[in-house]
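# Understanding the architecture of this molecule
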Protein chains: 2
Amino acid sequence: MFETEGGAANPQAMRLAMLKAVRLKLLRLGSATKAELSRSAGISFPTVGKLLDRMVKDGEAKVVGLDESSGGRRALRYAMNPEHVLGLAVFLERDETVFAVFDCLGDVKERGRRASVLDEGPDALAELVREIVRAYPKIGATAIGVPGAVNGGRAFHIPDYGKFRDFDLAAYFEERLSMPAVVENDMNAAVIGYRDRSGGTAGPPVVYLYLGKNGPGAGLLVNGDVVRGSTFFSGEVSFVPLDRDRSFERALDEEGGPGRGRDPLPPGAVEAIARLVASLAAILNPGEVVFNREEASGETLAAIAAKGAEYVPAEHLPRLVASDWTQDYLLGLQRLALDLLMAKEH
Amino acid sequence: MFETEGGAANPQAMRLAMLKAVRLKLLRLGSATKAELSRSAGISFPTVGKLLDRMVKDGEAKVVGLDESSGGRRALRYAMNPEHVLGLAVFLERDETVFAVFDCLGDVKERGRRASVLDEGPDALAELVREIVRAYPKIGATAIGVPGAVNGGRAFHIPDYGKFRDFDLAAYFEERLSMPAVVENDMNAAVIGYRDRSGGTAGPPVVYLYLGKNGPGAGLLVNGDVVRGSTFFSGEVSFVPLDRDRSFERALDEEGGPGRGRDPLPPGAVEAIARLVASLAAILNPGEVVFNREEASGETLAAIAAKGAEYVPAEHLPRLVASDWTQDYLLGLQRLALDLLMAKEH
DNA sequence: GACACTTTTTAAACGCGTTTAATAAGTATG
DNA sequence: CATACTTATTAAACGCGTTTAAAAAGTGTC
């Protein structure tokens, strides 16, 4: 369907949208014939044909064989060429900067770590990226994950790191490195990655809950979109009032016990989380609440679910899932970079 | 911009989207020249011209005068013809059924009330609508508001009214009355109406909070879309855990005092609402939380805000607004019917 | 091994929005 | 009152996706 408010809907944009659709479908399907693509993407056969022929000529896609005949002429089977473009994910963390180079299939080509650039500023980050791009000239887009609030994928402000505060990193990258870039908050990237890994459809809301040593936080997905809030404060669940005079964060702190935030959580922490999950269910009614599996899994999740059912009817409680946070975070950034890559002109 | 997943993006759909955009812009602007429409809708001048000429020929729009010259040829000014199509809003309530006929400017042509059809079933509703349409043959779309969960604007189930449970009312209307119809939950319709009245842009999340005699509920708007949740349970804030062992609803009940749910709320209720608002702020971070002004306004809202600031930093608290629930509800249904009307072919 | 039947692929004609150029309708000024 | 300058409107040419028809490439059967 179309979205008119705001953006222009010219034929050129239509072409680009269709190109993107074909690319994404071909990626998701692994390989496909023109007829399959036409059907699954809802685009007419001739258009798919022209787009795909062009992609093959450019080296972006390639013929991988002939299908068995189903009674008539045998169809050619196409697949994306993973060597054609690469993406870059950069994780800006407090004590280090991690990066990963990957192809459009998601295979990581190289991983690396450097000293944190958060204190240094944007120039240091740009220098690092320039260096990586020298080694992998086929990199065509960058996704940057940050532990702070992000506005529209562009500007962001991190409380303690003045050099990046309210800095439009995407525009800076576009100008200095002539490469498209997205910036996204770490929790939001993780929830995007999780959603992508488990189906990828819009579906019901998803909440990614991170308990964390530096205070809990959450990434929210509603109708397929990240929730940012009016002051970029959404997901700051540490402030949710829990008991008569305790916030979620304080309750977690006080009930944390000796092993503070590691899997077998003490009953007090389970209770606090159950109440938060119940609140989420009664407000957003997510289909899933995802936990970092190092912080909560198996038995703990079952305990949380049991407690939560005391507040909210069990059929309306979300499925509680344990997942690999680091992997989801990477996947989210990959998805974001891939979206950029796929939206580019030939 | 475009949205490819799912829907086909053919030129015809493009035409329809543009037609809709021109209609909505013309409605919002009241009157406009072709150049103004072209600029504000992001559509090229010739296209706006063709569309508008056609609309004038069909009687849908009309010339309302010539602009003063701004140095050159004077521009023709156009406006929608409010007599061309009408919309119908039907409110299915527990003890009565209310309807309103209105034109595309939102002016209500007629209001009426009948005995509730919730016990009778869909056929009684269809008969009522048929009767109204006989009196106003220009009605081209219907929006139906119900006090129950709605799925994708089509099917819905109300706990106590079996005849409507899981019934696809939209399809039924399309088939029997050959008229497009939407069905929407009352709280969701109200929040859509409020959003529409106060700007109408997508903007930050909005929550419409209704305390209600039959238990509180909320309508949520995120990124411009209604939040429905995985089991259509979103907004059921009565279940939010508040104190050590009380839900929001029980707290409200016990603290309600003698005047139960009327404007000067007792301190206990204010406290409960403040905690709920704080939870909303920490999870969704809405820009506004709207109250029925008969339940809370002025002083009460100030008290809630003051209390809320004890839990969440004041700058991240939503603006608390008192509004007219009935009017917002009507406006929401009008907007939904209008969306249908505007999306139709000539 | 030629003929009928499928299925894939290519080609032509059409609709629609856009860009670019041309025309029409005013205003200001000498 | 005629000429230059602005602004609005109309017309022509182009790009793009779609629908519809034609051609190409296989498979099976008598």
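Residues numbered from 1 in each chain as written. Chains lettered and ligands numbered in written order. Predicted model: local features only at pLDDT ≥ 70, side-chain atom pairs only at ≥ 80, totals over all residues. Heavy atoms only, no water.

This part covers the protein's contact with DNA strand C. The environment of DNA strand C is formed by 24 residues, the closest being Gly 72 and Leu 76 of chain A together with Ser 44, Thr 47 and Arg 73 of chain B. Counting only the atoms of DNA strand C within 4 Å of the protein, the fraction contributed by sugar and phosphate is 75%. Here Ser 44 of chain B contributes a side-chain N or O atom positioned 2.4 Å from a phosphate oxygen of DNA strand C. Between DNA strand C and the protein, one listed contact pairs a phosphate oxygen with a side-chain N or O atom of Thr 47 of chain B at 2.4 Å. Contributing elements (two or more residues each) for the surface near DNA strand C: helix H3 (45-58) of chain A together with helix H1 (11-29) and helix H3 (45-58) of chain B. Looking at the surface near DNA strand C residue by residue, the classes come out as nine nonpolar, nine polar and six charged. (Near = heavy atom within 4 Å. Polar contact = N/O pair within 3.5 Å; in protein donor to acceptor, adjacent residues only side chain to side chain. Helix = DSSP H or I, 4+ residues; strand = E, 2+ residues; numbered from the N terminus. Nonpolar A, V, L, I, M, F, W, Y, C, P; charged D, E, K, R; others polar.)

Screw-axis analysis of chain B against chain A gives a translation of 0.1 Å along the axis, an RMSD of 0.3 Å, and a rotation angle of 180°. Taken together, the rotation angle and the small translation identify this as a two-fold axis. With an isologous cut-off of 70% or more, the 98% of interface residues of chain B that recur at the interface of chain A puts this contact in the isologous class. (Least-squares fit on C-alpha atoms with pLDDT ≥ 70 in both. Contact = heavy atoms within 4.5 Å.)

A few words on the protein's contact with DNA strand D. Around DNA strand D, the structure places 24 residues, and the nearest of them are Ser 44 and Thr 47 of chain A together with Gly 72, Arg 73 and Leu 76 of chain B. Backbone atoms, meaning sugar plus phosphate, form 78% of the atoms of DNA strand D positioned within 4 Å of the protein. A distance of 3.4 Å separates a sugar or linking oxygen of DNA strand D from a polar side-chain atom of Arg 73 of chain A. Of all elements in the fold, only helix H1 (11-29) and H3 of chain A together with H3 of chain B reach the threshold of two or more residues within the surface near DNA strand D. Sort the elements by how many residues they give to the surface near DNA strand D and H1 of chain A lands first, with three residues. Here the surface near DNA strand D is built from residues that sort into nine nonpolar, nine polar and six charged.

Here the focus is unusual backbone geometry. Phi is positive for Asp 166 of chain A, close to 55°, though the residue is something other than glycine. Secondary-structure assignment places Asp 166 of chain A in the loop between strand E9 (155-157) and strand E10 (167-168). Residue Asp 166 of chain A is classed as exposed on the basis of its relative accessible area, which comes to 54%. We note that Phe 232 of chain B has phi near 55°; this positive angle belongs to a residue other than glycine. Along the chain, Phe 232 of chain B turns up in the loop between strand E14 (225-226) and helix H7 (248-255). Residue classification places Phe 232 of chain B among the partly exposed positions, given a relative accessible area of 26%. (Buried < 20%, exposed > 50% of the residue type's maximum accessible area, 1.4 Å probe, protein only.)

So, about the nonpolar core. If you look at soluble globular proteins, the nonpolar side chains tend to sit buried side by side. Counting residues in each nonpolar core, the largest one holds 74 residues, and the members touching the most others are Phe 248, Leu 284 and Phe 291 of chain A together with Phe 248, Ile 273, Leu 284 and Phe 291 of chain B. Setting aside chain neighbours within four positions, we find Phe 291 of chain B in contact with Tyr 208, Leu 209, Ile 273, Val 277, Ala 296, Leu 301, Ile 304, Leu 320, Val 321, Ala 322 and Ser 323 of chain B. Among the nonpolar cores identified, the runner-up in size contains 47 residues, and Met 14 and Met 80 of chain A together with Met 14 and Tyr 78 of chain B belong to it. (Core = buried A, V, L, I, M, F, W, Y, C linked by side-chain atoms within 4.5 Å.)

Residues and elements named next belong to chain A. As a packed pair, helix H7 (residues 248-255) and helix H8 (residues 267-283) sit with axes 8 Å apart at the nearest point and diverge in direction by 160°. The orientation of H7 relative to H8 falls into the category roughly antiparallel. Crossing of H7 over H8 shows left-handed handedness. Counted together, Phe 248, Ala 251, Leu 252 and Glu 255 of H7 and Gly 268, Ala 269, Ala 272, Ile 273 and Leu 276 of H8 form the full contact between these two elements. A class-by-class count of the residues in the contact of H7 with H8 yields seven nonpolar, one polar and one charged. (Axes fitted to C-alpha atoms, helices over the stretch in contact; angles between N-to-C directions. Parallel < 35°, antiparallel > 145°, perpendicular 65-115°, else oblique. Left-handed = near helix turned anticlockwise from the far one by under 90°.)

Let's shift gears to the packing of helix H4 (residues 122-135) of chain A against helix H5 (residues 169-176) of chain A. Residues and elements named next belong to chain A. It is the contact of H4 with H5, at a shortest axis distance of 11 Å, that shows an interaxial angle of 50°. As far as their axial angle goes, H5 and H4 are oblique. Helix-helix and strand crossings are classified by hand; for H4 and H5 the assignment is right-handed. In this structure, H4 contributes Pro 122, Asp 123, Leu 125, Ala 126, Val 129 and Arg 130 to the contact, and H5 contributes Leu 169, Tyr 172, Phe 173 and Arg 176. By residue class, the composition of the contact of H4 with H5 is seven nonpolar, no polar and three charged.

Our next topic: the domain arrangement of chain A. All names here are of chain A. If you check the domain split of chain A, you get domain 1 (11-80), domain 2 (86-190 + 328-342) and domain 3 (197-323). Of the roughly 550 Å² buried where domain 1 meets domain 2, counting both sides, 65% is carbon and sulfur surface. Three residues, Lys 20, Arg 23 and Leu 27, lead the burial of domain 1 against domain 2; their summed loss comes to 64% of the area buried on that side. Between the two partners, domain 1 and domain 2, sit zero salt bridges. Connecting domain 1 to domain 2 are one residue pair in polar contact (both at pLDDT 80 or more). By residue number, the principal contributor to the side of domain 1 that touches domain 2 is H1, which donates five residues. Looking at the side of domain 1 that touches domain 2, its residues break down into three nonpolar, no polar and three charged. (Domains from an automatic or database assignment. Buried area = accessible area lost by both parts, 1.4 Å probe. Salt bridge = Lys/Arg side-chain N within 4 Å of Asp/Glu carboxyl O.)

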